[in-house]
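Results of the structural survey
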Amino acid sequence: MAGEAQSDCLFCKIVAGEVPATIVRESETTVAFRDINPQAPTHVLVIPKAHYPDAASLAEGAPEIAADVLREAGRVAADEKADGSGYRIVFNTGAGAGQTVWHAHAHVLGGRGLNWPPG
């Protein structure tokens, strides 16, 4: 069920402390940690502690937590000194868009030029 931890979810296990991660920020509703396969010098994932399978379901079911994820993404960018040169916040939603973990998460990318359109 949306909002409840899922026993088979990698990110729920990170939230629970069952799987290690390099955590860079934590709030009451979010956790931010370094991506294990970084695509930029700054590549941090910001996730809600509550389980929602994707960004759309998070926005629909818990818009206040969706706002928390975005707020924390901005704070991560500032902490990582990526806010001055620019950064990108990406939500991959669905397998065709590259989502591989079915727990809503924002990628915070920065520290290098980010071309548009992304490829």
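These lines cover the structure that appears in this document, whether it is placed above or below. Quantities reported herein were computed from a predicted structural model and do not represent experimental measurements.

Below, the discussion takes up the sheet that holds strand 5 (residues 106–110). One open sheet accounts for 5 strands, arranged 1-2-3-5-4; its pairing is antiparallel. Looking at strand neighbours, the two that pair on one side only are strand 1 (23–26) and strand 4 (87–90), the edges of this open sheet. For this sheet, the mean angle separating the axes of adjacent strands, direction not counted, is 20°. Running over the sheet, helix 3 (residues 63–79) touches strand 1, strand 2 (30–34), strand 3 (42–48), strand 4 and strand 5 and is turned about 155° from strand 3.

A few words now on the state of the cysteines. Tallying each qualifying case throughout the model produces 0 disulfides. No disulfide involves Cys 9; its sulfur sits 3.7 Å from the nearest other cysteine sulfur, which is in Cys 12. Cys 9 sits in the buried class, given a relative accessible area of 5%.

This next bit is on helix 3. Relative to the 24 Å expected for 17 residues at 1.5 Å per residue, helix 3 spans 24 Å between its end C-alpha atoms, a close match to the ideal helical length. All buried positions along helix 3 are accounted for by Ile 65, Ala 66, Asp 68, Val 69, Glu 72, Ala 73, Val 76 and Ala 77. Of the surrounding elements, those touching the buried residues of helix 3 are strand 1, strand 2, strand 3, helix 2 (55–61), strand 4 and strand 5. Just downstream of helix 3, Lys 81 is the residue with a positive phi angle, here 65°.

Right, let's get into the nonpolar core. Counting 16 residues, the largest nonpolar core has Val 46, Leu 58, Val 76 and Val 108 as its most contacted members. Mapped by element, the contributors of at least two residues to this core are strand 3, helix 3 and strand 5. Ranked by residue count, the leading element in this core is helix 3, at 6 residues. If we skip the residues at most four places from it in the chain, Val 76 touches Val 24, Arg 25, Ala 32, Val 44, Val 46 and Val 108. Counting residues in hydrophobic clusters, the runner-up holds 9 residues, among them Cys 9, Phe 11, Ile 47 and Val 101.

Rules used throughout
Residues numbered from 1 in each chain as written. Predicted model: local features only at pLDDT ≥ 70, side-chain atom pairs only at ≥ 80, totals over all residues. Heavy atoms only, no water. Pairing = 2+ DSSP bridges. Helix = DSSP H or I, 4+ residues; strand = E, 2+ residues; numbered from the N terminus. Axes fitted to C-alpha atoms, helices over the stretch in contact; angles between N-to-C directions. Contact = heavy atoms within 4.5 Å. Disulfide = S-S within 2.5 Å. Buried < 20%, exposed > 50% of the residue type's maximum accessible area, 1.4 Å probe, protein only. Expected span 1.5 Å × (residues − 1). Core = buried A, V, L, I, M, F, W, Y, C linked by side-chain atoms within 4.5 Å.

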